[in-house]
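Okay, here's what each chain looks like letter by letter:
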Amino acid sequence: MKKTAIRLADGRELIYYDARDDALRDAVDRRPLDPTVTTSEIRHDRLLGESVAIASHRQGRTYHPPADQCPLCPSRPGRPSEIPAADYDVAVFENRFPSLAGDLGRCEVVCFTADHDASFADLTESQAALVLDAWTDRTAELAGLPGVEQVFCFENRGAEIGVTLGHPHGQIYGYPFATPRTETMLRSLAEHRERTGGRNLFDDIVAEERADGRRIVAEGEHWTAFVPYAAHWPYEVHLYPRRRVPDLRGLDEAARTEFPQLYLELLRRFDRIFGPGQPPTPYIAGWHQAPFRHPDRVEFALHLELFTIRRTAGKLKFLAGSESGMSVFINDVPPEAAARRLREVTSE
C-alpha cells in the first residue's frame, strides 16, 4: 500500500491509498475555497449521561447533487471535485461539514472507489483489503490526536438511511469521548466479569453462538458472522474475529487476508434477502473499537455490526414511539429466521 497526503485548497487533509507503489498523486486542488468554518460544540445531557454534538453549519452541506456534479468522483477538466486526482483507488479526506472538529474530535470521508455507480459489494477482494488498510491506518493516526478518544469507521448505504451522496463512501468519526453505546458494552463487560469470576463477555457470546449454531450466518477460519440472540433490527449481523483484539490495529495478517472474502459475501447476501427485482438493500455497517484510554480496553472485542432498516420487500422498520422514545426495540423478524434467510441467499 502506498500512502500519499496532500492539502486541499482550504487546508483540509486528503490521503490517497493506492495498491500500486508507483502511483503518482500530485494533482493540485485549485478551487477558490474559503477556509472551513465550523460551529461544533459538545453538550452533556445530565439526565441520560450522554454527550450531544451541536453542529449548525451542517445545514449547508451538499444534498443529493446530480451524478455529474458528485464531489466524491475524481476531478475532470472544468469540473473539480473534493478529490483533485483524475483517478484513485481509495481516498480519505477531512469532511468540509464535520459534526466534530478541532479539539472536539475529527470527521473524515472515505471514498471506497472512483466508480460512482459501484457499491462496496462490487469491490474485488483486493480493493476491499485496501479499504481495510485505510480504516486501520486512520485508526492508528487518529489514536495519536489528543482530542480523540474513540474511532468509529462506518458506512451508510441507501437513500432510506439518509445518505445524501450516491457515490460509494463511508465516514470515520474520531470522538472526543467514549460513545454511550460503547460505555454500555463496557459496563456489561465489567458486570459479567464480576459475576462469572473473570470470564470475558464477548468471548462467551461468540462461543455460545457457535455452539448453538442456529443464528450463525457464515464462518471462516478467522471470523464468525451471526445474527445476535436479541437482534434489534430485522436483519442484523455481527462479525467477530476469532482472536479477540481491541481495535483494527490488532488484527493479524491471517484475519486481514480472510476478511474481504467474508465481508463481501455478507454484503452480497444482504442484497438478495428480499428476492430478485428488489432495489439494493439499505444498510449501516460500522466497526466497534475500544476507546483508547479506557481501563478495560484490552477486554473489549473489535467487531463489525451490519444491519438494514428494511423489514420486508417495500417496507421499512421505522423507529417510532417505543424505540425512539424509550430505546426499547421491537423486532418483527425472529433472529433465527433472519439467519436462516441469510444462509439461503449465499452466493454461487
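Report on the accompanying structure. (Residues numbered from 1 in each chain as written. Predicted model: local features only at pLDDT ≥ 70, side-chain atom pairs only at ≥ 80, totals over all residues. Heavy atoms only, no water.)

1. Regarding the pattern of salt bridges
Move 1: Under the defined criterion, the tally for this structure stands at 36 salt bridges.
Move 2: We note a salt bridge from E336 to R215, for which the minimum N-O separation is 2.7 Å. Of the two residues, E336 sits in helix α6 (residues 335-344) while R215 sits in the loop between α3 (201-212) and β9 (216-219), which places them 121 residues apart along the sequence.
Move 3: Close ionic contact of R249 with D247 constitutes a salt bridge, the shortest N to O distance being 2.9 Å.
Move 4: Accessibility expressed as a relative area gives 38% for R249, which makes it partly exposed.
Move 5: Within the structure, one salt-bridge network assembled from shared partners comprises K3, R7, E13, E94, R106, E108, D137, R138 and E141. (Salt bridge = Lys/Arg side-chain N within 4 Å of Asp/Glu carboxyl O. Helix = DSSP H or I, 4+ residues; strand = E, 2+ residues; numbered from the N terminus. Buried < 20%, exposed > 50% of the residue type's maximum accessible area, 1.4 Å probe, protein only.)

2. So, the packing of aromatic side chains
Move 1: Applying the stated criterion to the full structure yields 19 aromatic pairs.
Move 2: Relative to Y173, the ring of F154 has its centre 5.3 Å away and its plane inclined at 80°; by these criteria the two rings are edge-to-face. Taken together, the residues span a long stretch of sequence, with F154 in strand β7 (residues 150-157) and Y173 in strand β8 (residues 169-175) at a distance of 19 residues.
Move 3: When the ring of F202 is compared with that of F300, the centres are 5.0 Å apart and the planes differ by 65°; the resulting orientation is edge-to-face. Separated by 98 residues along the polypeptide, F202 in helix α3 and F300 in the loop between β12 (283-288) and β13 (303-308) bring together distant segments of the chain.
Move 4: Classification of F300 as buried rests on a relative accessible area of 0%.
Move 5: Here the aromatic cluster, defined as three or more aromatic residues joined through ring pairs, consists of F112, F120, W135, W223, F259, Y263 and W287.
Move 6: Across from the ring centre of Y16, 5.7 Å away, lies the NZ or CZ of R25, which sits over that ring. (Phe/Tyr/Trp six-rings, centres within 6.5 Å; stacked < 30°, edge-to-face > 60°. Lys NZ or Arg CZ within 6 Å of the ring centre and 35° of its normal.)

3. Some thoughts on the side chain of E108
Move 1: Note on placement: E108 falls in strand β6 (residues 106-111).
Move 2: Residue E108 is classed as buried on the basis of its relative accessible area, which comes to 0%.
Move 3: A distance of 2.8 Å separates a polar atom in the side chain of E108 from a polar atom in the side chain of R106.
Move 4: If sequence neighbours within four positions are ignored, E108 has contacts with V92, F93, E94, N95, R138, L142, G170, Q171 and I172. (Polar contact = N/O pair within 3.5 Å; in protein donor to acceptor, adjacent residues only side chain to side chain. Contact = heavy atoms within 4.5 Å.)

4. What about the sheet that holds strand β1 (residues 2-7)?
Either a parallel or an antiparallel arrangement is found when strands of a sheet pair, and the pairing is made through backbone hydrogen bonds.
Move 1: The antiparallel open sheet is built from eleven strands, whose spatial order is β1-β2-β5-β6-β8-β7-β12-β13-β11-β10-β9. The sheet terminates laterally at β1 and β9, the two strands that pair on one side only. Geometrically, the sheet is characterised by an average inter-axis angle of 20° between neighbouring strands, direction not taken into account.
Move 2: Summarising the sheet, β12 and β13 pair through five bridges and their orientation is antiparallel. (Pairing = 2+ DSSP bridges. Axes fitted to C-alpha atoms, helices over the stretch in contact; angles between N-to-C directions.)

5. Considering the pairing of strand β3 (residues 41-45)
Move 1: Judged from the five bridges that link them, β3 and strand β4 (residues 50-54) form a sheet pairing that is antiparallel. By the bridge assignment, E41 is partnered in β4 with I54.
Move 2: The antiparallel pairing of β3 with β4 creates a hairpin that spans four residues between the two strands, and G49 there sits at a positive phi of about 70°.

6. Let's talk about empty space enclosed by the protein
Move 1: Scanning the entire structure with this criterion turns up one cavity of 30 Å³ or more.
Move 2: Reported here for the largest cavity is a volume of approximately 50 Å³.
Move 3: F112, F120, W135, C153, F154, E155, Y263, A285, G286, W287 and L304 are the residues that line the largest cavity. (1 Å grid on protein atoms, 1.4 Å probe; cavity = no way out; pocket = protein on both sides within 12 Å on 5 of 7 lines; lining within 4 Å. Points joined across faces, edges and corners; volume = space filled by probe spheres on them.)

7. Considering the side chain of S40
Move 1: Of note, S40 is situated in the loop between β2 (13-18) and β3.
Move 2: At 3.0 Å, the side chain of S40 forms a polar contact with the backbone oxygen of S99.
Move 3: Sequence-distant contacts of S40, defined by excluding residues within four places in its chain, comprise I54, A55, H57, P98, S99, L100, A101 and L104.

In short, geometric facts, not functional conclusions.
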